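Here is how the chains run, residue by residue.
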Amino acid sequence: MPKYPGGFNRSVVGVLARWRVGWISLLAVAAISWVAASDSVPSNQEYQLKTAYLFHFAELAEWPESAPVNICLLGDSPLRDYLPVLEGWQIDNRVVHVSLGDNIDNCRILFLSDLHVLSKAVSEYARIRHVLLVSDVEDFARRGGMVQFTLRDNKLKLVVNLPAVRDAGLKLSSKLLRMAEIVQ
């Protein structure tokens, strides 16, 4: 199967290219990928799917004010190899930008690779600047993060800390919340 920039395979690029078709398309491709996969989710498919989810979070979240869509990564994560494919994509005529450095100014979505990075200062920054904090670290949502990726039964699941999301002045689409385990 041909590879695209960021190591994406054709099925994931297809999902991203048809993002307006809807969230259900993303989930259908993910389900098909896992059925075809072996006993565990291959790492590259896992991170391709997480990248697609981050893009859809930007589509399915509502911020208090309109601003460019900046998706940032803080720390060392395999997502570093996949996120650049989103650079230049558009959501509602707003261009998506990806930042892989330590500069978190103007981030809309901030992926944290380590739990220790979820400091009081980062949480307060997210609350004041309306930043959606996302991670795949265990207990991230329960410790004040907003959206956590977790693997359960070889499926990528979401855990959402709804009070933290609301404290940051953000609203998440019911499409997203229906799929998630909610932490109160």
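What counts and what doesn't
Residues numbered from 1 in each chain as written. Predicted model: local features only at pLDDT ≥ 70, side-chain atom pairs only at ≥ 80, totals over all residues. Heavy atoms only, no water. Helix = DSSP H or I, 4+ residues; strand = E, 2+ residues; numbered from the N terminus. Buried < 20%, exposed > 50% of the residue type's maximum accessible area, 1.4 Å probe, protein only. Contact = heavy atoms within 4.5 Å. Areas by Shrake-Rupley, 256 points an atom, 1.4 Å probe, with all protein chains shown as cover. Disulfide = S-S within 2.5 Å. Pairing = 2+ DSSP bridges. Axes fitted to C-alpha atoms, helices over the stretch in contact; angles between N-to-C directions. Polar contact = N/O pair within 3.5 Å; in protein donor to acceptor, adjacent residues only side chain to side chain. Salt bridge = Lys/Arg side-chain N within 4 Å of Asp/Glu carboxyl O.

*Asks:* Could you clarify how one ought to interpret the overall build of the protein chain in this entry?
*Replies:* Broken down by element type, the protein chain carries six helices and 10 strands. Looking at the protein chain as a whole, 49% of its 184 residues are labelled buried. Across the protein chain, the fraction of contacts at a sequence separation of at least 24, relative to all contacts at a separation of at least 6, is 57%. Within the structure as shown, the protein chain displays about 9000 Å² of accessible surface, and the carbon and sulfur contribution to it stands at 51%.

*Asks:* Explain the state of the cysteines here, please?
*Replies:* Each disulfide consists of a covalent bond between the sulfur atoms of two cysteine residues. Considering all chains together, one arrives at one disulfide under this definition. One disulfide in the model links Cys-72 with Cys-107; its S-S distance is 2.0 Å. The disulfide joining Cys-72 to Cys-107 has a torsion of about -100° about its S-S bond and is therefore left-handed. On the criterion of sequence distance, the pair formed by Cys-72 in strand E2 (residues 69-74) and Cys-107 in the loop between strand E4 (94-99) and strand E5 (109-112) is long-range, its members being 35 residues apart. A residue is classified by how much of its surface remains accessible, and Cys-72, at 2% relative accessible area, is buried.

*Asks:* Help me understand the sheet that holds strand E7 (residues 147-152), please; the structure alone is not making it clear to me.
*Replies:* Sheet strands line up and pair through hydrogen bonds in the backbone, either parallel or antiparallel. Read across the open sheet, the eight strands follow the order E3-E4-E2-E5-E6-E7-E8-E10; overall the sheet is mixed. Edge positions in the open sheet fall to strand E3 (90-91) and strand E10 (180-183), since each of these has one partner strand only. Bridge count between strand E6 (residues 132-135) and E7: two bridges; the pairing is parallel. Of the residues in E7, the one forming a bridge with Ser-135 is Gln-148. Its contacts with the sheet place helix H3 (residues 43-60) against E2, E3, E4, E5, E6, E7 and strand E8 (155-161), and it is angled at close to 145° to E7.

*Asks:* Just to check I follow, could you spell out the environment of Ser-119 for this structure?
*Replies:* Mapped onto the elements of the fold, Ser-119 is located in the loop between E5 and helix H4 (120-129). Residue class for Ser-119 comes out partly exposed when judged on its relative accessible area of 27%. Each C-alpha atom, one on Ser-119 and one on Gly-145, is 9.9 Å from the other, the two residues being 26 residues apart in sequence. At 3.1 Å, the side chain of Ser-119 and the backbone nitrogen of Val-122 are in polar contact.

*Asks:* In this structure, what is going on with unusual backbone geometry? I would like to understand it.
*Replies:* As a rule of thumb, non-glycine residues mostly have phi less than zero, and peptide bonds are mostly trans rather than cis. Phi at His-130 takes a positive value of approximately 60°, unusual for a residue other than glycine. Of note in this structure, Asp-153 is not a glycine but carries a positive phi near 55°. Accessibility expressed as a relative area gives 73% for Asp-153, which makes it exposed.

*Asks:* Please explain the pattern of salt bridges as it appears in this structure.
*Replies:* Where charged atoms of side chains with opposite charge meet at close range, the side chains can pair. Per the counting criterion, the structure on display carries six salt bridges. For Arg-127, the salt bridge is made with Glu-124, and the minimal N-O distance between the two is 2.6 Å. With Arg-127 and Glu-124 both in helix H4 and three residues apart, the pair spans about one turn of that helix. Judged by its relative accessible area of 37%, Arg-127 falls in the partly exposed class.

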